[in-house]
Amino acid sequence: MATDERHPAWVIDPDTPSVARMYDYYLGGKDNFASDREAAERVMAAMPYVLEFTRANRRFLSRAVTHMAGQGIRQFLDIGSGLPTRENVHEVAQRAAPDSRVIYVDNDPIVLAHARALLADNPLTTVIQADLLEPESIMEHPEVRSRFDWDQPVAVLLMAILHFVPDVAEPAALVARLRRDMVPGSYLVLSHGHAGKVTDEVEAQVRGAYGKTRQGDIIPRPAEVVATFFEGMELLEPGIVPVEAWRPETGPVEPDLTRAGFLGGVGRLA
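Here is what the cut-offs are and how they apply
Residues numbered from 1 in each chain as written. Predicted model: local features only at pLDDT ≥ 70, side-chain atom pairs only at ≥ 80, totals over all residues. Heavy atoms only, no water. Core = buried A, V, L, I, M, F, W, Y, C linked by side-chain atoms within 4.5 Å. Buried < 20%, exposed > 50% of the residue type's maximum accessible area, 1.4 Å probe, protein only. Helix = DSSP H or I, 4+ residues; strand = E, 2+ residues; numbered from the N terminus. Contact = heavy atoms within 4.5 Å. Axes fitted to C-alpha atoms, helices over the stretch in contact; angles between N-to-C directions. Parallel < 35°, antiparallel > 145°, perpendicular 65-115°, else oblique. Nonpolar A, V, L, I, M, F, W, Y, C, P; charged D, E, K, R; others polar.

Judged by nonpolar contacts, the single largest core of 52 residues is most densely connected at Val65, Met68, Phe76, Leu157 and Tyr210. Counting residues per element, this core draws most heavily on helix 3 (residues 50-70), which supplies nine residues. Setting aside chain neighbours within four positions, we find Val65 in contact with Phe76, Val89, Val92, Ala93 and Leu157. Among the nonpolar cores identified, the runner-up in size contains 31 residues, and Leu132, Leu162, Met182 and Phe229 belong to it.

Here's what the structure looks like:
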């Protein structure tokens, strides 16, 4: 860690669930504590198919990154990257284009420690500590300014993170700041939780479990709200859809929109 990089304002607390470690548990990882597993199990009890759409979200990420690499993108900024798992952005991007540069952004100290260990021997990939709620801390970070050529297109990824941003923090404004430095040809990829038509009881149980985390809540939003994050961009086909239905490799998918899950979309700046 660079000497001028601020340390986390909070320490690792194994008794407080972490959304990153809960997500790791959904994906079958082992980098989680009992508190994370307990909170995740509460979500799974209310919504047993959470494992399906969480893993579908990972596959959506892989397909989107592969597509962008195929379109010539060589700079990927993954914000709220979470714990390293299979098919990380740098693995997908560098498999398609070995010269791809990737910067991961997170504020969870466990994520930072694991990612730095994983990336120690990868000169084209790094991880920085910054917070989406403070977009300037990302966009003006020395590594972000020096590693990327901002006269060339960049892909910004916001996977399953904006639903932890409350309305009062103006998530659309945060995304707009991230997009401000993009040149034409750049991409925005995001996924966001939606509630479908689950009962109030199920939604309360899920939000109650996330209420125990440091983030304090999870805020599902419908497709029309998710669309506002892409204002001024061209949405790639098929638009904003459940992540399992975004250009699936196995053929057309008919998602069940009554179930909660992740909506995903890819936008391009013309």
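A word on the packing of helix 2 (residues 34-46) against helix 9 (residues 200-210). Here helix 2 crosses helix 9 at 170°, and the two axes come no closer than 9 Å. As the angle between them shows, helix 2 and helix 9 are arranged roughly antiparallel. Two secondary-structure elements touch here, helix 2 through Ala39, Arg42, Val43 and Ala46 and helix 9 through Val202, Gln205, Val206, Gly208, Ala209 and Tyr210. Here the residues of the contact of helix 2 with helix 9 sort into seven nonpolar, two polar and one charged.

Let us look at the side chain of Ser100. Along the chain, Ser100 falls in the loop between helix 4 (89-96) and strand 2 (101-106). Here Ser100 falls in the buried class, since its relative accessible area comes to 0%. Once residues within four sequence positions are removed from consideration, Ser100 is found in contact with Ile73, Arg74, Phe76, Ala93, Gln94 and Leu124.

Our next topic: unusual backbone geometry. Going from Glu237 to Pro238, the amide bond is cis rather than trans, its omega being 10°. Mapped onto the secondary structure, Pro238 falls in the loop between strand 6 (234-235) and strand 7 (241-242). The phi dihedral of Ala160 is positive, around 50°, even though this residue is not glycine. Mapping Ala160 onto the fold places it in the loop between strand 4 (155-159) and helix 8 (171-179). Residue Ala160 is classed as buried on the basis of its relative accessible area, which comes to 11%. A positive phi is found at Arg247, a non-glycine position, where the angle reads about 45°.

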